[in-house]
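Structural features, examined
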Amino acid sequence: MAEYKLTKSGIEDLEKELRELIDYVRPEVIEQIAAARAQGDLSENADYDAARNRQAEVEGRIKQIEDILANAVVIDTNTKDNRVGIGDSVVLENQDGKRVTYRIVGTIEADPLNNKISDVSPLGSKLIGHKKGDSVTIVIRDKSTKYKILEVD
């Protein structure tokens, strides 16, 4: 069994998504299947096929979330050692003076478009264990970028 590192807020988000899928989306899809069946011949019924495909997606996601929650390890984000860890927000400055803030999360919660980077990503893994004032350098596709850690929260 795989263990999934999640922050408390990550677990809450998954629980909310699961409730939404079970309480609202699943019944809606069941209604769509019933309505499509009422149209008659199922062999050439695109609405029925679409509703069944959606049902498979919803049931798959429900099962996936249940598995993640059953095997979740909650990461303690209240460490006071001022070192970067999972759950921390980190303000960085690159060599060009550009500042960016990332939140370090487990792989399940990673969302780079919303500045949530995984602890196993190239930058996330380099930041883990460092503290305010430290510098880290990452190399991606032969390009080196240096970051200075300005804040760890």
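A short tour of the structure in this document, coming up.

Conventions we followed
- Residues numbered from 1 in each chain as written.
- Predicted model: local features only at pLDDT ≥ 70, side-chain atom pairs only at ≥ 80, totals over all residues.
- Heavy atoms only, no water.
- Helix = DSSP H or I, 4+ residues; strand = E, 2+ residues; numbered from the N terminus.
- Rg over C-alpha atoms; globule rule 2.2 N^0.38 Å.
- Buried < 20%, exposed > 50% of the residue type's maximum accessible area, 1.4 Å probe, protein only.
- Contact = heavy atoms within 4.5 Å.
- Pairing = 2+ DSSP bridges.
- Axes fitted to C-alpha atoms, helices over the stretch in contact; angles between N-to-C directions.
- Parallel < 35°, antiparallel > 145°, perpendicular 65-115°, else oblique.
- Left-handed = near helix turned anticlockwise from the far one by under 90°.
- Nonpolar A, V, L, I, M, F, W, Y, C, P; charged D, E, K, R; others polar.
- Core = buried A, V, L, I, M, F, W, Y, C linked by side-chain atoms within 4.5 Å.
- Salt bridge = Lys/Arg side-chain N within 4 Å of Asp/Glu carboxyl O.
- Expected span 1.5 Å × (residues − 1).
- Bend = angle between axes of the 7 residues up to and from the residue.

1. Some points on the overall build of the chain
A count of helical and extended segments in the chain gives three helices and seven strands. Along the chain, helices and strands appear, N-terminal first, in the series β-α-α-β-β-β-β-α-β-β. For 153 residues, the compact-globule estimate of 2.2 N^0.38 gives 15 Å, and the chain exceeds it by more than 25% at 22 Å. On the principal axes, the C-alpha backbone points of the chain span a range of 70 × 35 × 25 Å. A burial count over the chain gives 31% of its 153 residues as buried. Residue pairs at least 24 apart in sequence account for 50% of intrachain contacts in the chain once pairs closer than 6 positions are excluded.

2. Focus: the sheet that holds strand E4 (residues 99–105)
The mixed open sheet is built from five strands, whose spatial order is E5-E4-E3-E7-E6. Both outer strands of the open sheet, strand E5 (116–118) and strand E6 (135–140), are each paired with one neighbouring strand and no more. Neighbour-to-neighbour, the strand axes of the sheet open up by a mean angle of 45°, direction not taken into account.

3. Details of the environment of aspartate 67
Within the element layout of this structure, aspartate 67 appears in helix H2 (residues 46–70). On the accessibility criterion, aspartate 67 (29% relative accessible area) is partly exposed. Sequence separation of aspartate 67 and aspartate 134 is 67 residues, and the distance between their C-alpha atoms is 38 Å.

4. What to know about the packing of helix H1 (residues 8–37) against H2
At a minimum axis separation of 9 Å, H1 and H2 run at an interaxial angle of 160°. On the basis of the axis angle, H1 is roughly antiparallel to H2. Both H1 and H2 take part in a crossing whose hand is left-handed. Looking at the contact of H1 with H2 residue by residue, the class counts come to 16 nonpolar, two polar and ten charged.

5. A look at the nonpolar core
Ranked by internal contacts, the top residues of the largest apolar core, which has 16 residues, are Leu21 and Val58. Looking at this core, the elements with two or more residues in it are strand E1 (4–6), H1 and H2. The element best represented in this core is H1, accounting for eight residues. Apart from the residues within four sequence positions on either side, valine 58 is in contact with Leu21, Val25, Arg26 and Val29.

6. Quick look at the pattern of salt bridges
One pass over the full model with this rule turns up six salt bridges. A salt bridge links aspartate 119 to lysine 5; the shortest N-O distance between them is 2.6 Å. Of this pair, aspartate 119 sits in the loop between E5 and helix H3 (122–127) while lysine 5 sits in strand E1; the two residues are 114 residues apart in sequence, bridging distant segments of the chain. Taking the relative accessible area as the measure of exposure, lysine 5 reaches 38% and is therefore partly exposed.

7. Topic: the pairing of E6
Of the pairings in the sheet, the one linking E6 to strand E7 (residues 143–152) comprises six bridges and is antiparallel in character. Across the sheet, isoleucine 140 pairs through a bridge with lysine 143, a residue of E7. Counting the residues in the hairpin turn of E6 and E7 gives two residues, including arginine 141, whose phi is positive at 50°.

8. A closer look at H1
Over its 30 residues, H1 extends 42 Å from the first C-alpha to the last, a length consistent with the 44 Å expected when each residue adds 1.5 Å. Where H1 bends most, the angle comes to about 40°, and this point is leucine 21. Where the residues of H1 are buried, they touch E1, H2 and strand E2 (72–74).

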